[in-house]
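# Fold and geometry: a report
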Amino acid sequence: MFDLPLQTQPETQKTGLPPSLLTVFSDQDLPFALTTACHAPAALMSGQAHPKVLERFATLAEAMQGAIVHAEDITPEDAPRILAILDREGRLVLAGATNDGGVAWCHPVSDAAEARAVVSEASQTRAQAIRAAEWHEHGLARKLRHHADVLDARLVDPLWRGFASRALQIAA
């Protein structure tokens, strides 16, 4: 393992950082981050999985447009993904599922009672996914897990619920 040659990414001339890290580090002051879930098995098993920041934006509208542009690059063979927009404190602002080169935005819950109902339904759906996997119905289990993730995507931070709902009305 240690005798493999080290492969490094090309560095930019001004900062010395790899291009993939340049935008993440240079735009830390931008308030909205477009993210996707980390699916690295080791990170998931250790509980250390953090969202992967794809890009940062100055406005929610720009972040929504960035999500659509990113979704256009996802091939149909790829598993459906949830893209989430987080604020600089890591609170969920808006999320959506990629679908045929677009994003199906999830409408935020309106209050705490609806949030509890969504959490309960997502938990039940995940339990069904576990049973489906035990019965070797892996395709069904994958669909059920994705459905639970879509339900979780509705759990927008209370600070952003009204704003996100209004943004979706304007976007429609």
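See the structure shown above.
Each chain carries its own residue numbering, running from 1 in the written order of its sequence. The predicted origin of the model limits local features to residues at a pLDDT of at least 70 and limits the giving and counting of side-chain atom pairs to 80 or more, whereas totals for whole chains, interfaces and linings rest on all residues. Hydrogens and water are ignored here; the side-chain numbers use all heavy atoms of the structure.

Once that is clear, we can look at the overall build of the protein. Numbering of helices and strands starts at the N terminus; helices are DSSP runs of H or I of at least 4 residues and strands are runs of E of at least 2. Secondary structure summary: the protein contains six helices and five strands in total. Secondary structure elements in the protein, listed N-terminal to C-terminal, are α-β-α-β-α-β-β-β-α-α-α. Here the term buried applies to any residue with accessible area under 20% of the maximum for its type, exposed to any over 50%, and partly exposed to those in between, with areas from a 1.4 Å probe on protein chains only. Relative to its 172 residues, the protein shows a buried fraction of 30%. In the protein, the share of contacts with a sequence separation of at least 24, taken over all contacts with a separation of at least 6, comes to 58%. Note on areas: Shrake-Rupley with a 1.4 Å probe; residue coverage comes only from the protein chains shown. Surface summary for the protein: the accessible area is close to 11,300 Å², and the carbon and sulfur share equals 58%. Any two residues whose heavy atoms approach within 4.5 Å are treated as being in contact.

Of note, D100 is a non-glycine position whose phi angle comes to about 50 degrees, a positive value. By secondary structure assignment, the location of D100 is in the loop between β4 (92–99) and β5 (102–105). Of note in this structure, H136 is not a glycine but carries a positive phi near 65 degrees. Within the fold, H136 resides in the loop between α4 (112–134) and α5 (138–152).

A few words now on the packing of α4 against α5. Note on method: axes are straight lines fitted to C-alpha atoms, helices fitted across the in-contact stretch only, with angles between N-to-C directions ranging 0 to 180 degrees. The N-to-C vectors of α4 and α5 enclose an angle of 165 degrees; their axes lie 8 Å apart at closest approach. Here α4 is positioned roughly antiparallel relative to α5, judged by the angle of their axes. Along this stretch, α4 crosses α5, giving a crossing that reads as left-handed. Across the interface between the two elements, V118, E121, A122, T125, R126, Q128, A129, A132 and A133 of α4 pack against H138, L140, A141, L144, R145, H147, A148, D149, L151 and D152 of α5. Each residue receives one of three labels: charged for Asp, Glu, Lys and Arg, nonpolar for Ala, Val, Leu, Ile, Met, Phe, Trp, Tyr, Cys and Pro, and polar for the others, Gly being one of them. Residue composition of the contact of α4 with α5, by class: 10 nonpolar, four polar and five charged. Roughly parallel refers to an angle under 35 degrees, roughly antiparallel to one over 145, roughly perpendicular to one between 65 and 115, and oblique to any angle outside these ranges. We call a crossing left-handed when the near helix sits turned anticlockwise from the far one by less than a right angle, and right-handed when that turn is clockwise.

Turning our attention to the packing of aromatic side chains. The relation between two aromatic rings is expressed through the spacing of the ring centres and the mutual angle of the planes. Stacked, tilted and edge-to-face are the three classes assigned to paired rings of Phe, Tyr and Trp, where Trp is represented by its six-membered ring and a pair needs centres within 6.5 Å; plane angles under 30 degrees give stacked, over 60 edge-to-face, the rest tilted. In the structure shown here, the tally under the stated rule is two aromatic pairs. For the pair F32 and W160, a centre-to-centre distance of 5.6 Å together with 65 degrees between the ring planes defines the contact as edge-to-face. Of this pair, F32 sits in strand β1 (residues 32–36) while W160 sits in the loop between α5 and α6 (161–171), and the two are 128 residues apart along the sequence. W160 carries the same exposure label as F32, and that label is buried. Between W160 and F163 the ring centres are 5.6 Å apart and the planes differ by 65 degrees, which places this aromatic pair in the edge-to-face class. Taken together through their ring pairs, the aromatic side chains of F32, W160 and F163 make up a single cluster.

With that settled, the discussion passes to the nonpolar core. By convention a nonpolar core is built from buried Ala, Val, Leu, Ile, Met, Phe, Trp, Tyr and Cys residues, the set being connected through side-chain atoms within 4.5 Å. By size, the foremost hydrophobic cluster in this structure holds 27 residues, and its most contacted members are F32, L60, M64, I85, V93, L94 and W105. Elements with a minimum of two residues in this core: β1, α3 (60–72), β3 (82–86), β4, β5 and α6. Discounting residues that sit within four places of it in the chain, V93 has contacts with F32, L60, I85, L86, D87, V156, W160 and A164. Counting residues in each nonpolar core, the second largest holds six residues, with A115, A122, A148 and L151 among its members.

Between Lys or Arg on one side and Asp or Glu on the other, a salt bridge is scored when a side-chain nitrogen of the former is within 4 Å of a carboxyl oxygen of the latter. Going through the model one piece at a time under the given rule, you end up with five salt bridges. Between D87 and R91 there is a salt bridge, and its shortest N-O distance comes to 2.6 Å. Classification of D87 by relative accessible area gives buried; the value is 6%. The closest approach of N and O atoms between R126 and D149, which form a salt bridge, is 2.7 Å.

With that settled, consider α3. Note on helix geometry: an α-helix contains 3.6 residues per turn, so any two residues three or four positions apart are oriented the same way. In a helix, the anticipated span is given by 1.5 Å times the number of residues less one. In a regular helix each residue adds 1.5 Å, so 13 residues correspond to 18 Å; α3 covers 19 Å between its end C-alpha atoms and thus fits that length. Of all the positions in α3, only L60, A63, M64, G66, A67 and A71 are classed as buried. The buried residues of α3 all sit within an arc of 160 degrees when viewed along its axis, so they share a single face. Those residues of α3 that are exposed and aimed more than 90 degrees away from the buried face are A61 and E72. Looking at the buried positions of α3, the neighbouring elements they touch are β1, β2 (52–57), β3, β4, β5 and α6. It is the directions from the helix axis to the C-beta atoms that the arc portrays.

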